[in-house]
Amino acid sequence: MSNIVNAKWLKENLNNEKLVIVDCRFSLMDKEYGKRSYESSHIKGALRVDIETELSDKVSTHGGRHPLPTIDKLKDVFEKIGISNDSIVVAYDEGDLAGPSRLWWILKYLGHKEVYILAGGINDFEEIGGELTCEVKKVKKGNFKINLQENMKVDMEYVKDRINNKKVALVDCRENARYKGEVEPVDKKAGHIPSALNYFWMDILDKNNDLLNIKSKESLKNHFKDLNNYEEVIIYCGSGITASPVSLALNEIEIPYKFYTGSFSDWISYDENQVATI
């Protein structure tokens with residue numbers, strides 16, 4: 001796969017001077033989980049990026065629950081962990097891909113070419129004898145020049161203009177019960193953006209002996225085959241985090257897409273926007 005590396009490859013390339021390993025473990029329900037996990041143990045040489053405070057901005061009236069930070073802030077975050085334009089970045093978590101995919105998508109949006117996700121995450125790495133440590137690597141500041149890919153991201157107005165357009169697939173990546181509006185554990189309204197389809201983000205994963213990994217290209221092509229019938233695909237989730245693995249999967253099977261990064265939590269911040277339920 002073009003955006004994935006396996007644990008064996010990472011273990012064999014740990015001493016590559018261009019390699020930057022990023023620990024992206026986090027929990028939407030426990031904001032300290034990522035920090036605790038990293039401090040307990042992490043892949044040798046890995047540095048941590050916080051999904052909540054570094055790859056998301058402060059919440060305001062609009063923008064959703066995880067707004068994208070400014071370009072300057074993102075540049076600073078990545079340079080602090082040693083990322084330059086020639087860096088080979090490998091991001092990992094425990095295998096569900098949400099955190100690493102957020103970092104992957106943002107770096108692609110900023111124009112970085114060599115950014116990958118570790119298949120199976122830290123669990124696969126540990127299983128093959130990869131070295132874990134509590135030590136924090138000293139890092140030289142990077143020099144990251146931004147080459148923004150604006151066409152990857154869309155805003156609320158862009159989405160609103162395409163509702164009920166039969167040529168556009170608006171894809172809601174949340175679990176089906178939230179999509180239907182049967183439950184809503186986080187946001188103030190339940191349901192989905194009118195005319196959206198539902199492709200639950202965790203359906204791109206296989207579980208084998210408690211290890212999570214992304215499905216094969218063949219399985220992903222079959223899963224998303226109906227999206228080939230549309231001229232444009234726009235993805236969203238609750239706040240821009242869990243649609244990120246879907247963005248990775250679509251990239252793997254070469255289905256072009258745009259990302260509504262504010263997602264449903266941004267959509268419902270505008271009182272005039274309608275919400276559909278099933």
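See the structure above.
Predicted model only: the values in this text are computed from it and were never measured.

Parameters at a glance
- Residues numbered from 1 in each chain as written.
- Predicted model: local features only at pLDDT ≥ 70, side-chain atom pairs only at ≥ 80, totals over all residues.
- Heavy atoms only, no water.
- Helix = DSSP H or I, 4+ residues; strand = E, 2+ residues; numbered from the N terminus.
- Contact = heavy atoms within 4.5 Å.
- Salt bridge = Lys/Arg side-chain N within 4 Å of Asp/Glu carboxyl O.
- Buried < 20%, exposed > 50% of the residue type's maximum accessible area, 1.4 Å probe, protein only.
- Pairing = 2+ DSSP bridges.
- Axes fitted to C-alpha atoms, helices over the stretch in contact; angles between N-to-C directions.
- Left-handed = near helix turned anticlockwise from the far one by under 90°.
- Nonpolar A, V, L, I, M, F, W, Y, C, P; charged D, E, K, R; others polar.

K.L.:
Hey, could you run me through the environment of Glu175 in this one?
P.N.:
Tracing the chain through its elements places Glu175 in the loop between strand S9 (168-172) and helix H7 (176-180). Setting aside chain neighbours within four positions, we find Glu175 in contact with Asn198 and Phe200.

K.L.:
Looking at this model, I keep getting lost on the pattern of salt bridges. Mind explaining?
P.N.:
Side-chain pairing between opposite charges can occur once the charged atoms of the two side chains come close. As enumerated under the stated definition, the model contains 15 salt bridges in all. Between Asp50 and Arg48 there is a salt bridge, with its nearest N and O atoms 2.6 Å apart. Its relative accessible area of 21% is what places Arg48 among the partly exposed residues. Ionic contacts of the salt-bridge type, sharing partners, join the residues Arg65, Asp172, Arg174, Arg178, Glu184 and Asp187 into one network.

K.L.:
Could you clarify how one ought to interpret the sheet that holds strand S14 (residues 258-260) in this entry?
P.N.:
Pairing between the strands of a sheet is mediated by backbone hydrogen bonds and can be parallel or antiparallel. One open sheet holds the five strands; their spatial order is S8-S14-S13-S9-S10, and the pairing between them is parallel. Each edge of the open sheet is held by one strand with a lone partner, namely strand S8 (153-154) and strand S10 (197-198). Across five bridges, the pairing between S9 and strand S13 (residues 232-236) is parallel. Residue pairing across strands places Val171 opposite Ile235, the latter belonging to S13. The sheet strands contacting helix H9 (residues 244-252) are S13 and S14, and the helix crosses S13 at an angle near 150 degrees.

K.L.:
Before we go on, may I ask you to explain the packing of helix H3 (residues 71-80) against helix H4 (residues 98-109) in this structure?
P.N.:
Between two packed helices, both the angle of their axes relative to each other and the distance between the axes serve to describe the pair. Two elements in contact, H3 and H4, have axes whose closest approach is 12 Å; the angle formed by their N-to-C orientations is 115 degrees. Considering the relative orientation of H3 and H4, their crossing is left-handed. Two secondary-structure elements touch here, H3 through Ile71, Leu74 and Phe78 and H4 through Leu103, Ile106, Leu107 and Tyr109. Partitioned by chemical class, the residues of the contact of H3 with H4 number seven nonpolar, no polar and no charged.

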